[in-house]
Amino acid sequence: MAEGGNLKCIPVIDMQEIEDLEQYKKLREASEEWGCFRIVNHKIPASLMSEMKKVVKELLDLPMEIKKRNTDVIAGSGYVAPSNSNPLYEALGLYDLGSPEAVRAFCSQLDASPQQREIIEAYAQAVHELAIDLGRKLAKSMGLVSDLFKGWPCQFRINKYNFTPVTVGSSGVQIHTDSGFLTILQDDENVGGLEVIDESGAFVSVHPCPGTLLVNLGDVAKAWSNGRFCNVKHRVQCKEAIIRVSIASFLLGPKDAVVEAPPQLVNSEHPRLYVPFTYEEYRKIRISTKLQAGEALEHLRTQS
Ligand SMILES: O=C(O)CCC(=O)C(=O)O
Ligand SMILES: [Fe+2]
């Protein structure tokens, strides 16, 4: 595979222009070809994004004993300390962003100040609404009217990469797909390093673009769309000796109901690819098989 840095650029979707049919077509094409796109003119104020970024840095700078209070609600949802396999990476997290109680509990665990709480709560609400809206628009881009995504849990994770001179060239996060339906990523506005794999299998660098957000589609989106949407493979590389911080919100999948392609997306040309499954079942398969780059979906293929 070629190194990142080639001239290809990931698609950009203008959220204000989206009612335009052309933009829906663009959204669908971006989702099918890339499984990844930048959104501009979304409704999250730039000021809230930068305030949140500051809060996130403060939280990640807390003493270890406080960060450790951020315990798992589902596997991997809480504090992840730097480890032998990933010494550069550290994260705090919360499940579920759509639950005001869970957001409050997260703030309490980390002794957030009243000002920090206000920013975290405003960000959580805005990003959660945006995730649901994007789900609806993605369904609409396929010709479907769907409020399906409304009750879906949303995981939240703030990532810190402690890049140093000796780590330049190494991996901050290895190649993976996100397991859920979609991810809204506020990537570091100054520090690059995120790379996505395009249709040809080449790495494409995702360059920072302040004020915008990146959307990645995950394994649930691929299954739900009956294989049409791409579950984009991506990684984070250390390019320079500097701390990189990102904020990721993952709209996962239905809480109890099964993930299955709607009948409109199944026909003789597109036979059903996956058996219906719950998100929980799928997570277990990903964890037990250690297949992190979408291959675990193969365990759910229909027999035909
Ligand atoms: O830090 C980033 O830019 C990407 C992080 C990521 O891929 C993830 O948290 O799943
Ligand atoms: Fe990811």
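This one's a predicted model, so the numbers in the text were calculated from it and none came from an experiment. (Residues numbered from 1 in each chain as written. Chains lettered and ligands numbered in written order. Predicted model: local features only at pLDDT ≥ 70, side-chain atom pairs only at ≥ 80, totals over all residues. Heavy atoms only, no water.)

## Quick notes on the coordination of the iron ion (ligand 2)
The criterion, for reference: Listed donors are limited to N, O and S atoms within 2.8 Å of the metal, widened to 3.2 Å for Na, K and Ca; water is not among them, so incomplete-looking sites are possible. Here a strand is any run of E in DSSP of at least two residues, a helix any run of H or I of at least four, and the numbering for each starts at the N terminus. Relative accessibility thresholds used throughout: buried, under 20% of the residue-type maximum; exposed, over 50%; partly exposed, between the two (1.4 Å probe, protein chains only).
In this structure, His-176 (NE2), Asp-178 (OD) and His-234 (NE2) serve as the protein donors to the iron ion (ligand 2), at separations of 2.1 to 2.2 Å. Taken in chain order, the donor set of the iron ion (ligand 2) reads H-x1-D-x55-H. Placement of His-176 in strand β5 (residues 171-176) and of His-234 in strand β10 (residues 234-237) is noted, with a sequence separation of 58 residues between them. One exposure class covers both His-176 and His-234, and it is buried.

## So, the UniProt feature "domain: Fe2OG dioxygenase" (unreviewed entry) in the chain
Note the cut-off: UniProt positions are given in the numbering used here, feature names are shortened, and annotations may be inferred rather than shown by experiment.
Following the UniProt record, the feature "domain: Fe2OG dioxygenase" (unreviewed entry) maps to residues 150-254 here. Regarding residues 150-254, the helix share stands at 6% and the strand share at 43%, and the terminal C-alpha atoms are separated by 9 Å.

## Considering the site of ligand 1
Selection criterion: Near, as used in this document, describes a residue that has one of its heavy atoms within 4 Å of the molecule or strand being considered. Side-chain atoms alone can form a polar contact between residues adjacent in sequence; in general such a contact is a pair of N or O atoms within 3.5 Å, and within protein one must be able to donate a hydrogen while the other accepts it. Each accessible area value is a Shrake-Rupley result obtained with a 1.4 Å probe; residue values ignore everything except the protein chains displayed when judging cover. Note that Gly is not counted as nonpolar here; it falls among the polar residues with everything else outside the nonpolar set of Ala, Val, Leu, Ile, Met, Phe, Trp, Tyr, Cys and Pro and the charged set of Asp, Glu, Lys and Arg.
Near ligand 1 the following residues occur: Arg-157, Asn-159, Tyr-161, His-176, Asp-178, Leu-185, Leu-194, His-234, Val-236, Arg-244, Ser-246 and Phe-250. In this structure, His-176 approaches ligand 1 through a side-chain N or O atom, which is 3.1 Å from an oxygen atom. The side chain of Asp-178 places a nitrogen or oxygen atom 3.1 Å from an oxygen atom of ligand 1. With the chains in place, 98% of the 290 Å² that ligand 1 exposes on its own is no longer accessible. Those elements that place two or more of their residues in the shell around ligand 1 are β4 (154-162), β10 and β11 (243-251). Classifying every residue of the shell around ligand 1 gives five nonpolar, four polar and three charged.

## Here we look at the sheet that holds β5
Under the convention used in this document: Between any two strands, at least two bridges found by DSSP are needed for them to pair. Note on geometry: axes are lines fitted to C-alpha atoms, helical ones only across the stretch in contact, with angles between N-to-C directions running from 0 to 180 degrees.
Reading across from one edge, β5-β10-β7-β8 is the order of the four strands in this open sheet, with antiparallel pairing throughout. Every other strand in the sheet has two partners, leaving β5 and β8 (203-205) as the edge strands with one partner each. The mean angle between the axes of side-by-side strands here comes to 25 degrees, regardless of whether they run parallel or antiparallel. Where strand β7 (residues 194-197) and β10 come together, three bridges link them in antiparallel fashion. Bridge pairing in β10 places Glu-195 opposite Arg-235.

## A short note on the packing of aromatic side chains
Quick reminder of the rule: Two aromatic rings, drawn from Phe, Tyr or Trp (for Trp, its six-membered ring), form a pair once their centres lie within 6.5 Å of each other, and the interplanar angle then sorts them: stacked below 30 degrees, edge-to-face above 60, tilted otherwise.
The full count for this structure, using the stated rule, is eleven aromatic pairs. Measuring from ring centre to ring centre gives 5.9 Å for Phe-149 and Trp-224, while their planes differ by 65 degrees; the resulting arrangement is edge-to-face. Here Phe-149, found in the loop between α5 (114-141) and β4, pairs with Trp-224, found in helix α6 (residues 219-224); they are 75 residues apart in sequence, far enough to count as distant. Across the pair, exposure class does not vary: Phe-149 and Trp-224 are buried alike. Seen from their ring centres, Trp-224 and Phe-229 are 6.4 Å apart, and the 35 degrees between their planes marks the pair as tilted.

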